[in-house]
Amino acid sequence: MNTAEIPQQFRHLQNYINGTWQAAKGGACLAVTNPATGLEIGTTPLSGADETRIAIEAAARAFPSWAALSAQERAGKLHALVREIEQNADDLAHLLTLEQGKPLAEARGEILGGAAYIRWFAEETRRIYGDIIPSPWTDRRLLVTRGPVGVVAAITPWNFPFSMIARKLGAALAAGCTIVIKPSELTPFSGLAWGELCARAGIPAGVVNLLTGDAAAIGAVMTSHPAVRKITFTGSTRVGKLLAGAAGREMKRFSMELGGNAPFIVMDDADLDAAAAGAIAAKFRNAGQTCVCVNRFYVQRGVYEAFAEKLAHQIRNLKVGSGFEPEVTQGPLINTAAMEKVAAHIEDACAKGGRVLVGGKPSKAGAQFFEPTLIADGTREMMVARDETFGPLAVLFPFDTDEDAISLANDTEYGLAAYVYTQGLSRAVRLSEALEYGMVGVNAGIITTEVAPFGGVKASGVGREGSRYGLDDYLDLKYVSLGGL
Ligand code: ADP
């Protein structure tokens, strides 16, 4: 496969609206570059308000007949979509590495993870049960049914450009909703590929629509158009607050998967080898660019130096380079702003007493590559203690007591994912209960799976994706009081 080009079958440089590929008005477009090389790989439509309205209206027209299908029929279409993804996993992974940069093995994992979400929701389609409530009236029956909210608008980020769409599209279609999706302009092709996959799976025109372009203009129409009943967003807390505010003013439902500032606590009774391996997975996956990536390592003083040594050893084994090279475990960062943020966090940490144990500078692999970096002796005054780095920087903070670990870990506006390593049962239970996070990994560095609820508390957002709870945000309850019996 040519590693510089988009695989032909997914080379869609247009929006997918109402079942057809369409350019933006006047053919306006934006260049998309490969983060590993800086070279252009294609262009994506620069759509705005008009294209968004057209897409929403297509979704609104498609809604009644999609919602009217039997659960079995909707499930069948979603299973067909799973087959399309799995059969084309190699090309989809290639495309993902090309535009996003992650190592090919991780890209394949994301594609198959996306298929797993669609399969999960295909299965859940047939379990959208209602209730019959014991009636206080003998001549009435009280029924509760769950039906689709209507047209859903989705905005997704660049770090998991394929699987973030899977979580939203799968839940929406299972529930009987239709959807308009705006992938990130940095990684649009893995998003637009869903148009090709949906068409091949026989999903009717208008049920799934994808468009790229001016994020603010598209978002403004999505949050104000009367046909849209729900907004689902994954991205920064800043944009999430903006969209939630706008959706709230129009009384639209919303779910938000926003930023994190994940703590990783290593207690003095932890298996340090397991903790170091878990730390690598939880910190350096996708070059540290995930919202559940560790931002703060809290290590109990008795094992502080020993853990630092083990983690340093593992970090030195990471290989930086193009995601297409075998053996590479860390690809490029998404853009120069991401490079600058990592450098700023390192500079700030060093100025405040941080000790660089590994890395510390941009990598020779290319303009957008950064060395995996480990810094010891973090303090709460450092930028990295407050602000998500979203890059390959691990900072160790020592602590003394269990209570210190809990209060330091919770000392953030965010509450997405937290990790604890301990062999003690009561510690595991007490810490996991005390951590104000939507997800906690105990002796586990990778926690995401389609069968469990993904989501956060506090500034990390509202709502859950995946699991049996992941459908709730796409369904409205209806109570029917059936009288005169
Ligand atoms: P990040 O900082 O990780 O890039 P963003 O929140 O900026 O996160 O981006 C996530 C998604 O939100 C992307 O699809 C982006 O285009 C979109 N986005 C950015 N700004 C806005 C906005 N004002 N309105 C709607 N969507 C936006």
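Residues numbered from 1 in each chain as written. Predicted model: local features only at pLDDT ≥ 70, side-chain atom pairs only at ≥ 80, totals over all residues. Heavy atoms only, no water.

1. Quick word on the site of the ligand
Thinking step 1. Taken together, 15 residues sit near the ligand, with T156, W158, K182, E185 and S236 positioned nearest.
Thinking step 2. The side chain of K182 places a nitrogen or oxygen atom 2.8 Å from an oxygen atom of the ligand.
Thinking step 3. Contact between the ligand and S236: an oxygen atom at 2.6 Å from a side-chain N or O atom of the residue.
Thinking step 4. Alone, the ligand offers 550 Å² of accessible surface; in the complex the protein occludes 78% of this.
Thinking step 5. Judged by the proximity of its atoms to the pocket grid, the ligand belongs to the largest pocket. (Near = heavy atom within 4 Å. Polar contact = N/O pair within 3.5 Å; in protein donor to acceptor, adjacent residues only side chain to side chain. Areas by Shrake-Rupley, 256 points an atom, 1.4 Å probe, with all protein chains shown as cover. 1 Å grid on protein atoms, 1.4 Å probe; cavity = no way out; pocket = protein on both sides within 12 Å on 5 of 7 lines; lining within 4 Å. Sits in = over half its atoms within 2 Å of the grid points.)

2. Remarks on the layout of surface pockets
Thinking step 1. Here the largest pocket defines a volume of roughly 1100 Å³.
Thinking step 2. Along the wall of the largest pocket there are 40 residues; nearest its centre are F233, G235, S236, R238 and V239.
Thinking step 3. Taken together, the elements giving at least two residues each to the lining of the largest pocket come down to α7 (215-224), β10 (228-234), α8 (237-249) and α11 (336-351).
Thinking step 4. Top element by residues in the lining of the largest pocket is α8. It accounts for 6 residues.
Thinking step 5. Here the residues of the lining of the largest pocket are counted per class, giving 19 nonpolar, 14 polar and 7 charged.
Thinking step 6. The calculated volume of the second largest pocket comes to roughly 360 Å³.
Thinking step 7. Lining the second largest pocket are 22 residues, and of these E110, F160, S163, R285 and T448 lie nearest its centre.
Thinking step 8. Mapped by element, the contributors of at least two residues to the lining of the second largest pocket are α4 (104-125) and α5 (163-175).
Thinking step 9. Here the lining of the second largest pocket takes 6 residues from α4, the largest share from any one element. (Points joined across faces, edges and corners; volume = space filled by probe spheres on them. Helix = DSSP H or I, 4+ residues; strand = E, 2+ residues; numbered from the N terminus. Nonpolar A, V, L, I, M, F, W, Y, C, P; charged D, E, K, R; others polar.)

3. A closer look at the environment of N261
Thinking step 1. Summarising the element assignment, N261 is placed in the loop between β11 (253-257) and β12 (262-266).
Thinking step 2. For N261 and A409, which are 148 residues apart along the polypeptide, the C-alpha to C-alpha distance reads 9.1 Å.
Thinking step 3. If near-sequence neighbours (up to four positions away) are discounted, N261 is found in contact with N295, R296, V384, A385, R386, D387, T412, Y414 and Y437.
Thinking step 4. A polar side-chain atom of N261 sits 3.4 Å from the main-chain carbonyl oxygen of R386.
Thinking step 5. A distance of 3.4 Å separates polar atoms of two side chains, one belonging to N261 and the other to T412. (Contact = heavy atoms within 4.5 Å.)

4. A word on the side chain of H225
Thinking step 1. Considering the arrangement of structural elements, one finds H225 in the loop between α7 and β10.
Thinking step 2. A polar atom in the side chain of H225 sits 3.0 Å from the side chain of E57.
Thinking step 3. If we skip the residues at most four places from it in the chain, H225 touches R53, I56, E57 and K252.

5. A few points about the sheet that holds strand β22 (residues 475-482)
Thinking step 1. Spatially, the 3 strands line up as an open sheet ordered β5-β6-β22, and their pairing is antiparallel. Single-partner strands in this sheet number two, and they are β5 (131-133) and β22. The average undirected angle you get between the axes of adjacent strands in this sheet is 25 degrees. (Pairing = 2+ DSSP bridges. Axes fitted to C-alpha atoms, helices over the stretch in contact; angles between N-to-C directions.)

6. Some remarks on α8
Thinking step 1. Under the 1.5 Å per step criterion, the end-to-end length of α8 is 18 Å for 13 residues, consistent within 8% with the ideal 18 Å.
Thinking step 2. Buried within α8 we find T237, G240, L243, A244, A246 and A247.
Thinking step 3. Contacts made by the buried residues of α8 are with β7 (151-155), α7, β10, β11 and β17 (414-415). (Expected span 1.5 Å × (residues − 1). Buried < 20%, exposed > 50% of the residue type's maximum accessible area, 1.4 Å probe, protein only.)

7. As for the pattern of salt bridges
Close approach of charged atoms lets side chains of opposite charge pair.
Thinking step 1. Considering all chains together, one arrives at 27 salt bridges under this definition.
Thinking step 2. With a closest N to O distance of 2.4 Å, D90 and R108 form a salt bridge. Taken together, the positions of D90 in helix α3 (residues 89-100) and R108 in helix α4 put the pair 18 residues apart, joining distant regions of the chain.
Thinking step 3. A salt bridge links R146 to D472; its shortest N-O distance comes to 3.2 Å. Highlighted residues: R146 in strand β6 (residues 141-148) and D472 in the loop between β21 (461-462) and β22, separated in sequence by 326 residues.
Thinking step 4. Overall, D472 belongs to the partly exposed group, its relative accessible area being 35%.
Thinking step 5. One salt-bridge network, in which partners are shared between bridges, spans D268, D269, D402 and R427. (Salt bridge = Lys/Arg side-chain N within 4 Å of Asp/Glu carboxyl O.)

8. Regarding the packing of aromatic side chains
Thinking step 1. Going through the model one piece at a time under the given rule, you end up with 8 aromatic pairs.
Thinking step 2. On the basis of an interplanar angle of 45 degrees and a centroid distance of 5.2 Å, the ring pair of Y298 and F397 is categorised as tilted. Of this pair, Y298 sits in strand β13 (residues 294-300) while F397 is found in strand β16 (residues 393-399), placing the two residues 99 residues apart along the sequence.
Thinking step 3. F397 sits in the buried class, given a relative accessible area of 4%.
Thinking step 4. Through a chain of ring-to-ring contacts, three or more aromatic side chains come together here, namely F264, F297, F307, Y419 and Y421. (Phe/Tyr/Trp six-rings, centres within 6.5 Å; stacked < 30°, edge-to-face > 60°.)

9. Section: the side chain of K230
Thinking step 1. Here K230 is to be found in strand β10.
Thinking step 2. This buried residue, K230, is left without a salt bridge; D473 holds the nearest opposite charge, at 4.4 Å.
Thinking step 3. Within the structure, the side chain of K230 is placed 2.6 Å from the side chain of S255, a separation counted as a polar contact.
Thinking step 4. Those residues in contact with K230 that lie beyond four places of it in its chain are V149, V151, V152, A153, R253, F254, S255, D473 and Y474. (Lys, Arg positive; Asp, Glu negative; His and termini not counted.)

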